[in-house]
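What the coordinates show
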Amino acid sequence: MFFGLGADGTVGANKNSIKIIGEGTDFNAQGYFVYDSRKAGAQTVSHLRFGPEPIRSTYLINEANFVACHQYQFLEQFDVLANALPGATFLLNSPYPHEEVWSHIPGSVQRAIIDKNLKFWVIDAYKVARETGMGSRINTIMQTCFFAISGVLSRDEAINRIKDAIQKTYGAKGEAIVAMNYKAVDETLAHLYEVEVPKQVSKPVETLQIVPENAPDFVQTVTARLLAGEGDALPVSAFPKDGTWPTATTQWEKRNISLEIPIWDESICIQCNKCALVCPHAVIRMKIYDKVLLDGAPPTFKHAAARGKEYSEDDVYTLQIAPEDCTGCTLCVEFCPVKNKAETGKKAINMTSVFPIREQERSNFNFFLELPDFDRTKADVHTVKGSQLLRPLFEFSGACAGCGETPYVKLVSQLFGDRSIIANATGCSSIYGGNLPTTPWAQDSAGRGPAWSNSLFEDNAEFGMGFRISIDKQRTQAEELLQQLDGKLGKQLVEELINADQSDESGINEQRQRVSVLKEKLASVDTDEGKRLLSLADYLIRKSIWIMGGDGWAYDIGYGGLDHVLASGVDVNILVLDTEVYSNTGGQMSKATPMGAVAKFAAGGKPMLKKDLGLMAMSYGHVYVANVAMGAKDAQTVRACLEAESYRGPSLIIAYSHCIAHGIDMAKGLEQQALAVESGYWPLYRYDPRLAADGKNPLVLDSKPPKIPLKDYAYRETRFKMLTKIDAERAKDLLERAQEGVHQRWRFYENLAQQKVADEGDSRSDGKPVRETAGEPSAAS
């Protein structure tokens, strides 16, 4: 709990005014702030005394005169009123009208309000935000409520001071944003109501349940207490002794942060699975299964006949939402290609209020999880539809609503997660990927899932390269031991294990079965060699090594290591989640930042063009390289991931990742990706060295020539547009230069893609080819 008004919990004051210091995201994450006037020796806020300097620190409050809960669902998750003093004021942002809100709030909250004789005020801040063009931003609205009912300042003076702060904070972003905030302030008072508190509790008083009763023991005893903010009370002995934390734990943290969730319309859905592909938090799932399994399904559980010649009449399809894990980003709705002809504005998936349907959808999702996963060996993973029938092994992360990075991470987890080992550079992806107390990297029904570890900015590529070298060495040792023990194990099994084709899911599955047979036979081999082979047996199954991170790592701080790994020829896959800025550390410019964009250390717009990381990697000739943007061409993204992983050498995928730091409506993030490609700013391509061995050009352009001017893409983003407010002439100059850069780059790539491959007779003087045969593993791999 924070003292103050701002997003970072700070409030400053001089003798007669309140100065808003922060306006970020911490406030929304906490959900409520508290106000304390004990130092004034009073029980009411009217005795607060202001000093001459702003208060810039944060304080834990044990006794509060004012408590505000900005997220209604937190009433079910936290004891929000634990620190409220008798007679304090409680402000609630409620989706229910003031006449009905009492009947909806939990019995424990009702009891606290009555017992402590609290003054109870409510506002539907999200309704005010929507009606005033603020979207889901409610900070300004809730701040206005505080001043309106706290008595710290007169209403008129408080509103004037708030508007001054708005002008100072948002003036550079345009008058439209300032006007929206002004309107939100003015409309707030008309929607703020005091609730007459009944004398009796109308609902049962239940104990807060942090995690479900069926959660594993570790989650019950450790994770739940961390989620409840009681981590300091845990003994050291409660934590894993080797620092390894269990995976698949975000499924137990039901955050319930969205007011709206998507609902599937099975009557018009074409089962393309695009909505699942782009879902940043893996809350949209689908399965195809035998309809006999519907016995015992909840009455509201939806299904439809499975589409496709490969499915029988008994096969049914279900698309299901995880209602308590959705963040309400609406990317699924935006990306859905199906329009409801009978109801204008509706699609095959639509947003609806979560509160009336949460209980039924919770039951539906639990039933859905009990259905068997689709057989990986039968899924056509080369298509968007087929890839999304695979269970995501990266789920319910703490990434931003509408995140542009996580759909790529989730896709990798679906295609290769059951055998992948991931080295993650520090950055956004390491925070939402490995933050405590829960872990989004998950497991399938067999208990298989990604092994994940975080490394530093400067050495993550080498860190992942070490994984590959270590695993290959252990596989080599396993093969040597197999040959030593072939008399006891059987020559046929040994040969099949060593020479197994593991290039597809069927091959991987068959190898797993062989390894199971091997382990059974080794149980009766009581020798040092047998015991050693048993410990190495799983390395006979091909492992997929992924090195992940953002552009700050790949383009800047970790580039030296990345270049070293690419040059080595080692069989690793590198995924660069390119947001074109240091998103996690405060929005600093990176070498990936485009010309003309405003960022920290580029307040006047970046004067240089973006570093072409893909071209630099292609210059080696033996590196698979792909430039992808899921929102522009989803099938190309899936294809690039599969090609990269199948290539027995280094691969590099550079993924356009829209970001809140760009200053966009995150619901339009995928649309923005498409515009980036249409403008030619982000050309889609795949460079596959294996094509050269077949006499083909290894570079394939997957996007068409630019068809819209760069400004039609760039000026939809605040990072570009704000420069027109700061320095219009410079903005115009940088835009013209950036536009020319787009044209030059496109012509260059187009020329490369049209070039013919050198004749077979072209070789060095010693008769050997100019480059090592494409696709051949190097000695290091």
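Owing to the predicted nature of the structure, the values given are computational and were not obtained by experimental measurement.

Among the residues making up helix α19 (residues 528–536), those that are buried are Gly530, Leu533 and Leu536. Take α19 and look down its axis: the buried residues cluster within an arc of 125°, on one side only. The exposed residues of α19 that point more than 90 degrees off its buried face are Asp528 and Lys531. Where α19 is buried, its residues contact α15 (460–484), α16 (486–489) and α18 (505–522).

One pass over the full model with this rule turns up 24 aromatic pairs. Taking 5.9 Å as the distance between ring centres and 50° as the angle between the ring planes, the aromatic pair formed by phenylalanine 239 and tryptophan 245 counts as tilted. Among the aromatic residues, ring-to-ring pairing joins Phe66, Phe146 and Phe147 into one connected group. The side chain of lysine 163 reaches across the aromatic face of tyrosine 182, ending 5.4 Å from its centre. The ring of tyrosine 559 carries lysine 611 above its face, with NZ or CZ at 3.6 Å from the centroid.

A few words now on the state of the cysteines. One pass over the structure, following the stated rule, counts zero disulfides. Unpaired in terms of disulfides, cysteine 332 finds its nearest cysteine sulfur in cysteine 329, a separation of 6.1 Å. Exposure remark for cysteine 332: the relative accessible area of 6% places this residue in the buried category.

A separate point is the environment of valine 677. Secondary-structure assignment places valine 677 in helix α24 (residues 669–678). Residues valine 677 and tyrosine 656 lie 21 residues apart in sequence; the distance between their C-alpha atoms is 9.8 Å.

With that out of the way, let us pick up the packing of α15 against helix α21 (residues 559–568). At a closest axis distance of 7 Å, the pairing of α15 and α21 adopts a crossing angle of 35°. Counting all contacts with α15, which are made through Ala461, Glu462 and Met465, the residues of α21 involved are Gly561, Leu562, His564, Val565 and Ser568. For the contact of α15 with α21, the per-class residue count stands at four nonpolar, three polar and one charged.

Another aspect to go through is the pattern of salt bridges. It is possible for side chains bearing opposite charge to pair when their charged atoms get close. Across all of its chains, the model carries 42 salt bridges by this definition. Its salt-bridge partner being lysine 302, residue glutamate 266 comes within 3.9 Å of it at the nearest N-O pair. Here glutamate 266 is found in the loop between β9 (260–264) and α9 (274–278), whereas its partner lysine 302 is found in the loop between β10 (284–290) and β11 (304–305), with 36 residues between them in sequence. By relative accessible area, glutamate 266 is classed as partly exposed at 30%. Judged by relative accessible area, which is 28%, lysine 302 ranks as partly exposed. Here lysine 668 makes a salt bridge to glutamate 334, at a shortest N to O gap of 3.2 Å. One end of the pair, lysine 668, is in the loop between β19 (651–656) and α24; the other, glutamate 334, is in helix α10 (residues 331–335), with 334 residues separating them in the sequence. A relative accessible area of 30% means that lysine 668 is categorised as partly exposed. Through salt bridges with shared partners, a single ionic network connects Arg419, Arg468, Asp472, Arg542, Asp571 and Glu645.

End to end, helix α5 (residues 139–150) covers 16 Å across 12 residues, agreeing with the expected 16 Å (1.5 Å per residue, within 8%). Most of α5 is tucked away, with 12 of its 12 residues classed as buried. Along α5, the residues classified as buried are Asn139, Thr140, Ile141, Met142, Gln143, Thr144, Cys145, Phe146, Phe147, Ala148, Ile149 and Ser150.

Criteria and thresholds
- Residues numbered from 1 in each chain as written.
- Predicted model: local features only at pLDDT ≥ 70, side-chain atom pairs only at ≥ 80, totals over all residues.
- Heavy atoms only, no water.
- Buried < 20%, exposed > 50% of the residue type's maximum accessible area, 1.4 Å probe, protein only.
- Helix = DSSP H or I, 4+ residues; strand = E, 2+ residues; numbered from the N terminus.
- Arc of directions from axis to C-beta.
- Contact = heavy atoms within 4.5 Å.
- Phe/Tyr/Trp six-rings, centres within 6.5 Å; stacked < 30°, edge-to-face > 60°.
- Lys NZ or Arg CZ within 6 Å of the ring centre and 35° of its normal.
- Disulfide = S-S within 2.5 Å.
- Axes fitted to C-alpha atoms, helices over the stretch in contact; angles between N-to-C directions.
- Nonpolar A, V, L, I, M, F, W, Y, C, P; charged D, E, K, R; others polar.
- Salt bridge = Lys/Arg side-chain N within 4 Å of Asp/Glu carboxyl O.
- Expected span 1.5 Å × (residues − 1).

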